[in-house]
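Given next are the chains, with one letter for each unit.
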Amino acid sequence: MKNIVLYTFVLLLTACVGTQDSSPASVAKIVAESFYQGDEATLKKHTTPEGFASYSNVMKMFAKPKGSESNFKVIDEKIENDVAWIKYSTSYDKTPGIFKLVKVDGIWKATARSPKEKAPF
């Protein structure tokens, strides 16, 4: 009986640790790829409600690339307290993009920028 409890605890701990990829750059990559592939479930999981509404509206206007690699590369990254900015490039766009991420309950999520908000790059 003790072994079952111990194995269950280890399994739960492993599952929780394995699902958290908490760096802003890794979240930005997930958001960019889910955006261009049209994966709304993944996009919603890694964005704030405002970010999801904004990205999903724009996502519907893009043709989804089939099976191509994103070649996601971080160009610059600025983190200050609970706000992170990621400047990135992908094979899907000719110009670099910028994500604003905020920490929500200890997890980085992409969010929408206000029209007058300036990125630090």
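*Asks:* What is the right way to read the overall build of the protein chain from this model?
*Replies:* When helices and strands are counted, the protein chain shows four helices and four strands. Helices (α) and strands (β) of the protein chain occur, in sequence order from the N terminus, as α-α-α-α-β-β-β-β. Burial status across the protein chain gives 30% buried among its 121 residues. The long-range fraction of contacts in the protein chain, counting pairs at least 24 apart against all pairs at least 6 apart in sequence, stands at 47%. Carbon and sulfur atoms provide 57% of the accessible area of the protein chain, an area that totals close to 8300 Å².

*Asks:* Would you explain the environment of F52 in this entry?
*Replies:* Here F52 is to be found in helix 4 (residues 49-59). In this structure F52 comes out as buried when scored by relative accessible area, which is 16%. When the C-alpha positions of F52 and F35 are compared, they lie 9.8 Å apart, and in sequence the two are 17 residues distant. Look past the residues within four positions of F52 in its chain and what remains in contact with it is E40, L43, K44 and T47.

*Asks:* Which parts of the structure should I look at to understand helix 2 (residues 24-37)?
*Replies:* Because each turn of an α-helix spans 3.6 residues, side chains separated by three or four positions in sequence point in the same direction. For helix 2, spanning 14 residues, the distance from its first C-alpha to its last is 20 Å, which sits close to the expected 20 Å at 1.5 Å a residue. Helix 2 sits mainly inside the fold: ten of its 14 residues count as buried. Of the residues trailing helix 2, G38 is marked for its positive phi of about 75 degrees.

*Asks:* What's the story with the sheet that holds strand 2 (residues 83-89) in this structure? I'm lost.
*Replies:* The antiparallel open sheet is built from four strands, whose spatial order is 1-2-3-4. Pairing within the sheet leaves two strands with one partner each, and these edge strands are strand 1 (73-80) and strand 4 (107-111). On average, adjacent strands in this sheet sit at an angle of 30 degrees to one another, irrespective of strand direction. Looking at chain direction, strand 1 and strand 2 are connected through seven bridges and run antiparallel. Residue pairing across strands places E77 opposite I86, the latter belonging to strand 2.

*Asks:* Even after reading the chapter, I still don't get unusual backbone geometry, so can you show me in this structure?
*Replies:* Apart from glycine, the bulk of residues carry a negative phi angle, and the bulk of peptide bonds sit in the trans form. Positive phi, normally seen in glycine, also occurs at N71, with a value near 50 degrees. Structurally, N71 is set in the loop between helix 4 and strand 1. The partly exposed category is assigned to N71, whose relative accessible area is 45%.

*Asks:* Is there a simple way to think about the packing of aromatic side chains in this case?
*Replies:* Any two aromatic rings considered together are summarised by their centre-to-centre distance and by the angle between their planes. Overall, the coordinates contain six aromatic pairs when judged by the stated rule. Aromatic pair Y36 and Y92: ring centres 4.7 Å apart, planes at 45 degrees, arrangement tilted. With Y36 in helix 2 and Y92 in the loop between strand 2 and strand 3 (97-104), the pair connects residues that are 56 residues apart, well separated along the chain. Pairing Y55 with F99 gives two aromatic rings, centres 5.8 Å apart and planes at 85 degrees, and the pair type is edge-to-face.

*Asks:* Please clarify how the pairing of strand 2 should be interpreted in this entry.
*Replies:* When a strand is regular, its side chains alternate between the sheet's two faces. Judged from the six bridges that link them, strand 2 and strand 3 form a sheet pairing that is antiparallel. Along strand 3, the bridge assignment pairs I86 with F99.

Conventions adopted
Per-chain numbering applies: the sequence of each chain, read as written, is numbered from 1 onward. Owing to the predicted nature of the model, reporting of local features is limited to residues with pLDDT of at least 70; listing and counting of side-chain atom pairs is limited to 80 or more, with chain, interface and lining totals taken over all residues. Side-chain numbers here rest on the full set of heavy atoms in the structure, without hydrogens or water. Secondary structure follows DSSP: runs of H or I at least 4 residues long count as helices, runs of E at least 2 residues long count as strands, and numbering of each begins at the N terminus. With a 1.4 Å probe rolled over the protein chains alone, any residue whose accessible area is under 20% of its type maximum counts as buried; one over 50% counts as exposed, and the rest are partly exposed. Note on contacts: a residue pair qualifies if any of its non-hydrogen atoms lie within 4.5 Å across the two residues. Note that accessible areas follow from Shrake-Rupley with a 1.4 Å probe, and for residues the cover is restricted to the protein chains shown. A helix is expected to span 1.5 Å for every residue after the first. We call two strands paired when DSSP finds no fewer than two bridges between them. The angle between two axes is taken between their N-to-C directions and runs from 0 to 180 degrees, where each axis is a line fitted to C-alpha atoms and a helix contributes only its stretch in contact. Aromatic contacts are taken between Phe, Tyr and Trp rings whose centres are within 6.5 Å, Trp giving its six-membered ring; a plane angle under 30 degrees counts as stacked, one over 60 as edge-to-face, and the others as tilted.

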